[in-house]
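# Reading the structure
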Amino acid sequence: MSGIFITLEGGDGAGKSTQAELLGQWLEQRGLEVVRTREPGGTLLGAELRRVLLHGGDEIGDVDPRAEALLYAADRAQHVAKIVRPALERDAVVVQDRYIDSSLAYQGAGRVLDVDEVRRISEWAADGLWPHLTILLDLDPAASAERRRARGGTADRLESEAVEFHTAVRDGFRALAKLDSERYLIVDASLPIDEIQTRIIARVSGLLTR
Ligand code: TYD
């Protein structure tokens, strides 16, 4: 397998999709095949799981934290098997919004589950596949909430969580990034879009010449 697997992480509203789009374009201009995808929801099964996880509402009642972690893991298993590995096998660059680190930060650090246990089920679901690079777009939860309000629309189940939850998630991401600086690039998400892109491209360029 010789493709490149890049994931983007961070709180809601940190600008992951914008940066993923820009990075995808930059890579395509270099003649590479790019697969842009996301979790949850990157497959047909995943789209169903995403609907339940984020917009289930009263229909599904209160979701137990272990059930929630397993649903994200199920989405991941299907996505890795059907989309990510096949893409890497044909030497594509996969640029993906959210991956295992989101489970560690949201289900682990943000909730009652043990981070190492979440890591175990997630790693099993992904059959041990870790990204070459994970870009953390780090943003203060108050600033993300402000961006969300400006964007309009209604908050999904996780977006509606209290600020303490989002702060725990942010701290969780930062702790993960500190532990693994080889895989992670932390970027201050309050910087201008083009400045963020420049920092991302500097790091990705290094991967292309590895
Ligand atoms: P989405 O709208 O895709 O993300 P964003 O807000 O970044 O645009 O929503 C995905 C939500 O699912 C987000 O709130 C984080 C959460 N999530 C988890 O809790 N665990 C996970 O493993 C993943 C992949 C996402």
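Report follows, based on the coordinates.

Rules behind the numbers
- Residues numbered from 1 in each chain as written.
- Predicted model: local features only at pLDDT ≥ 70, side-chain atom pairs only at ≥ 80, totals over all residues.
- Heavy atoms only, no water.
- Helix = DSSP H or I, 4+ residues; strand = E, 2+ residues; numbered from the N terminus.
- Rg over C-alpha atoms; globule rule 2.2 N^0.38 Å.
- Buried < 20%, exposed > 50% of the residue type's maximum accessible area, 1.4 Å probe, protein only.
- Contact = heavy atoms within 4.5 Å.
- Areas by Shrake-Rupley, 256 points an atom, 1.4 Å probe, with all protein chains shown as cover.
- Lys, Arg positive; Asp, Glu negative; His and termini not counted.
- Charge placed at Lys NZ, Arg CZ, Asp CG, Glu CD.
- Axes fitted to C-alpha atoms, helices over the stretch in contact; angles between N-to-C directions.
- Left-handed = near helix turned anticlockwise from the far one by under 90°.
- Nonpolar A, V, L, I, M, F, W, Y, C, P; charged D, E, K, R; others polar.
- Near = heavy atom within 4 Å.
- Polar contact = N/O pair within 3.5 Å; in protein donor to acceptor, adjacent residues only side chain to side chain.
- 1 Å grid on protein atoms, 1.4 Å probe; cavity = no way out; pocket = protein on both sides within 12 Å on 5 of 7 lines; lining within 4 Å.
- Sits in = over half its atoms within 2 Å of the grid points.
- Points joined across faces, edges and corners; volume = space filled by probe spheres on them.

A word on the overall build of the protein chain. Looking only at helices and strands, the protein chain has eight helices and five strands in total. Scaling as 2.2 N^0.38, a compact globule of 210 residues should have a C-alpha radius of gyration of about 17 Å, and the protein chain matches this with 16 Å. Each principal axis of the C-alpha distribution contributes one length, and for the protein chain these read about 50 × 35 × 30 Å. Sorting the 210 residues of the protein chain into buried and exposed places 48% on the buried side. Contacts in the protein chain between residues at least 24 apart in sequence constitute 79% of all its contacts with a sequence separation of at least 6. Of the roughly 10300 Å² that the protein chain leaves accessible, carbon and sulfur atoms contribute 51%. Both charge centroids of the protein chain, one from 27 positive and one from 35 negative side chains, sit 2 Å from each other.

Each pair of packed helices can be summarised by the angle the axes make with each other and by the distance between the axes. Running from N to C, helix α4 (residues 100-109) and helix α5 (residues 115-125) cross one another at 145°; their axes reach a closest spacing of 9 Å. In this structure, α4 crosses over α5, and the sense of that crossing is right-handed. Between α4 and α5, the residues in contact are Ile100, Ser103, Leu104, Gln107, Gly108 and Ala109 and Val115, Val118, Arg119, Ser122 and Glu123, respectively. Of the residues belonging to the contact of α4 with α5, the class tally is five nonpolar, four polar and two charged.

Moving on, we get to the site of the ligand. Taken together, 15 residues sit near the ligand, with Asp12, Lys16, Arg98, Ser103 and Gln107 positioned nearest. Within the contact set of the ligand, an oxygen atom lies 2.9 Å away from a side-chain nitrogen or oxygen of Arg98. Notes on the ligand: free accessible area 550 Å², of which the protein chains cover 91%. Using a 2 Å cut-off from the grid points, one finds that the ligand occupies the largest pocket. Taken together, the elements giving at least two residues each to the shell around the ligand come down to α2 (44-55), α3 (65-89) and α4. Tallied by class, residues from the shell around the ligand come to five nonpolar, three polar and seven charged.

On to the environment of Leu136, then. Relative to the assigned elements, Leu136 resides in strand β4 (residues 133-138). On the basis of relative accessibility, which here comes to 1%, the residue Leu136 falls in the buried class. Sequence separation between Leu136 and Arg174 is 38 residues; the distance between their C-alpha atoms is 8.1 Å.

Bringing unusual backbone geometry into the picture now. Following Glu39, the chain continues to Pro40 via a peptide bond in cis, the omega torsion being -10°. Among the secondary structure elements, Pro40 is positioned in the loop between β2 (34-38) and α2. You will see that Asp91, though not glycine, has its phi angle at about 70°, which is positive. Note on placement: Asp91 falls in the loop between α3 and β3 (93-97). Take Asp91: its relative accessible area is 44%, and that puts it in the partly exposed class. Located in the positive-phi region is Arg98, a residue other than glycine, with phi close to 70°. For Arg98, the location among the structural elements is in the loop between β3 and α4. Taking the relative accessible area as the measure of exposure, Arg98 reaches 13% and is therefore buried.

The subject of this paragraph is the side chain of Arg183. Relative to the helices and strands, Arg183 resides in the loop between α7 (163-179) and β5 (184-188). On the basis of relative accessible area, Arg183 is assigned to the buried category, the value being 9%. Among the polar contacts listed, one links the side chain of Arg183 to the side chain of Asp101, at a separation of 2.8 Å. In this structure the side chain of Arg183 is engaged in a polar contact, spanning 2.7 Å, whose partner is the side chain of Thr134. When sequence neighbours within four positions are dropped, the list of residues in contact with Arg183 reads Asp101, Trp130, Pro131, His132, Leu133, Thr134 and Arg203.

Let us look at the layout of surface pockets. Its boundaries defined by the atoms lining it, the largest pocket holds a volume of some 520 Å³. Forming the walls of the largest pocket are 25 residues, and the residues nearest its centre are Asp12, Lys16, Glu39, Arg50 and Arg98. Among the secondary structure elements, those contributing two or more residues to the lining of the largest pocket are α1 (16-29), α2, α3 and α4. Examining the composition of the lining of the largest pocket, we find that four residues originate from one element, α4, more than from any other. Residues that form the lining of the largest pocket fall into these classes: six nonpolar, eight polar and eleven charged.

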